[in-house]
Amino acid sequence: QPTRSATPHPGLATEEGHDLLVRAQDIDLPPGSPAAVALDTLSAVFEAISVSPDVPARIKELFGRLHIPFFRLAMLDESFFANAQHPVRQLSNRIGRAAVGLDDDIAADHAVCRFVASAVGQLEQLVARSDANFAALTDTLEQFIGRRDQAVRDAASRHIQLLNAAERESLAQVEVEAWLQRSLPLFADRTVRQFLVRDWRRVMLRAAQSEGTKGSTWMESDATIADLSWSFQPKTTTDERKKMLALVPTLIRRINAGLDTIGVSAESRQPFLDACFALQTSVLRSASPPAA
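Just so we're clear, the structure is a prediction, and the values are computed from it rather than from any experiment.

Colleague: Help me out: how do you make sense of the packing of aromatic side chains in this one?
Modeller: Aromatic ring pairs are described here by two measures, namely the spacing of the ring centres and the angle between the planes. One pass over the structure, following the stated rule, counts seven aromatic pairs. A centroid spacing of 5.6 Å and a plane angle of 65° characterise the contact between F70 and F80, whose relative ring orientation is edge-to-face. Remark: F80 occurs in helix α4 (residues 79-82) and F70 occurs in helix α3 (residues 67-76); sequence separation between them is ten residues. Taken individually, F70 and F80 each receive the classification buried, so the pair is uniform in this respect. A ring pair is formed by F80 and F81, whose centres lie 5.4 Å apart and whose planes are at 70°; its orientation type is edge-to-face. Clustering of aromatic rings is evident, with ring pairs tying together F46, F70, F80 and F81. Lying across the ring of W230, K235 places its NZ or CZ 4.2 Å from the centre. Of note, K243 hangs over the ring of W230, and the distance from its end group to the ring centre comes to 4.7 Å.

Colleague: How should the layout of surface pockets be read in this particular structure?
Modeller: Approximately 440 Å³ is the volume attributed to the largest pocket. Residue lining of the largest pocket: 20 residues in total, with V45, I49, F63, S92 and N93 positioned closest to the centre. Among the secondary structure elements, those contributing two or more residues to the lining of the largest pocket are α1 (34-50), α2 (57-64), α4 and α5 (87-98). The greatest single-element share of the lining of the largest pocket, amounting to five residues, is contributed by α1. Grouping the constituent residues of the lining of the largest pocket by class yields 13 nonpolar, five polar and two charged. Taken as a whole, the second largest pocket spans an internal volume of roughly 230 Å³. For the second largest pocket, the lining is made up of 15 residues, of which L73, L76, V127, R129 and S130 are closest to its centre. Among the secondary structure elements, those contributing two or more residues to the lining of the second largest pocket are α3, α5 and α6 (111-127). Residue contributions to the lining of the second largest pocket peak at four residues, all from α3.

Colleague: Looking at this structure, I do not really get the packing of helix α8 (residues 190-211) against helix α11 (residues 266-286). What am I missing?
Modeller: For any two helices packed against each other, the geometry comes down to the angle between their axes and how far apart the axes lie. As a packed pair, α8 and α11 sit with axes 9 Å apart at the nearest point and diverge in direction by 135°. In this view, α8 runs oblique relative to α11, as classed from their interaxial angle. Along this stretch, α8 crosses α11, giving a crossing that reads as left-handed. Residues T191, V192, F195 and R198 of α8 touch α11, and the partners they reach there are S268, P271, F272, A275 and L279. The residue makeup of the contact of α8 with α11, split by class, is six nonpolar, two polar and one charged.

Colleague: Would you mind going over helix α7 (residues 135-183) with me for this structure?
Modeller: Because each turn of an α-helix spans 3.6 residues, side chains separated by three or four positions in sequence point in the same direction. Maximal helix bending in α7 amounts to about 45°, located at A156. By the burial criterion, the buried members of α7 are L137, L141, F144, I145, A172, V176, W179, L180 and S183. In this structure, the buried residues of α7 make contact with α5, α6, α8 and α9 (216-231).

Colleague: What is the right way to look at the nonpolar core in this model?
Modeller: In globular proteins that are soluble, nonpolar side chains generally tend to be buried together. Counting residues in hydrophobic clusters, the biggest one holds 38 residues, and the most contacted among them are I59, F70, V88, I95, V116, L123 and L141. Elements supplying a minimum of two residues to this core: α1, α2, α3, α5, α6 and α7. Element by element, the count of residues in this core is highest for α6, at nine residues. Beyond its immediate chain neighbours, meaning those up to four positions away, L123 contacts L66, F70, V88, L91, S92, I95, F134 and L137.

Criteria and thresholds
- Residues numbered from 1 in each chain as written.
- Predicted model: local features only at pLDDT ≥ 70, side-chain atom pairs only at ≥ 80, totals over all residues.
- Heavy atoms only, no water.
- Phe/Tyr/Trp six-rings, centres within 6.5 Å; stacked < 30°, edge-to-face > 60°.
- Helix = DSSP H or I, 4+ residues; strand = E, 2+ residues; numbered from the N terminus.
- Buried < 20%, exposed > 50% of the residue type's maximum accessible area, 1.4 Å probe, protein only.
- Lys NZ or Arg CZ within 6 Å of the ring centre and 35° of its normal.
- 1 Å grid on protein atoms, 1.4 Å probe; cavity = no way out; pocket = protein on both sides within 12 Å on 5 of 7 lines; lining within 4 Å.
- Points joined across faces, edges and corners; volume = space filled by probe spheres on them.
- Nonpolar A, V, L, I, M, F, W, Y, C, P; charged D, E, K, R; others polar.
- Axes fitted to C-alpha atoms, helices over the stretch in contact; angles between N-to-C directions.
- Parallel < 35°, antiparallel > 145°, perpendicular 65-115°, else oblique.
- Left-handed = near helix turned anticlockwise from the far one by under 90°.
- Contact = heavy atoms within 4.5 Å.
- Bend = angle between axes of the 7 residues up to and from the residue.
- Core = buried A, V, L, I, M, F, W, Y, C linked by side-chain atoms within 4.5 Å.

Everything listed here is a matter of coordinates, which is why it stays silent on function.
Below, the structure is given as structure tokens:
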């Protein structure tokens, strides 16, 4: 019987607190020997599992049962450490994957814990056989993982939709604020600036939420404000005056259509429309007379 060292080691432990990890010095293996290196390498791997905050204590305990079986396998199969695609290593990875998302205080009789315990038991038996076929256990694990993943997707679908909507809302708000900061300097009139902040900002937000900032509604709404700014600028040529006279009726219709989409009442929009009429009339009256 190999003698165990009296020195305690941190690592995987049972519910009673017994250390599940065995190291080379615990069984008096010669330091540096292939067996000692293999055992201590596995101990390091399993200890990494033991300190992971993402692995519940019950799953750590179940994994600890594979320490010695894996050591025996490593002694018999030289490819165990070298081959990342080794079927036993792949199976242990899949067992860990099957337990993803469990709470730390998961009960031993939880369905996932029971399944992991069964899979670990089957893997223990398979590792001990020279003619082991791992395909059936691999299929069982893949099916279980698939069912768990689908259940998570089904449960999360509504929350994902809410998160996506919140993200779109947040991005739209950022885009609209940037647009507003670009647009306000184009206007000096207080009533028009209030209109942009109070009303047209909502038009732009609705456009960003529905189609994004590359959509036609956003582009048309932005162009409407650009045309509005141009209509307040001095007109020095006959062509500019003609263009403005043709633009203003369609511009007012576009503005009213945008305000209709956000439910602005006729009374609320009237001060802005009056300000537009006054500013545009002033531009036309102050224009230089056409040359003879």
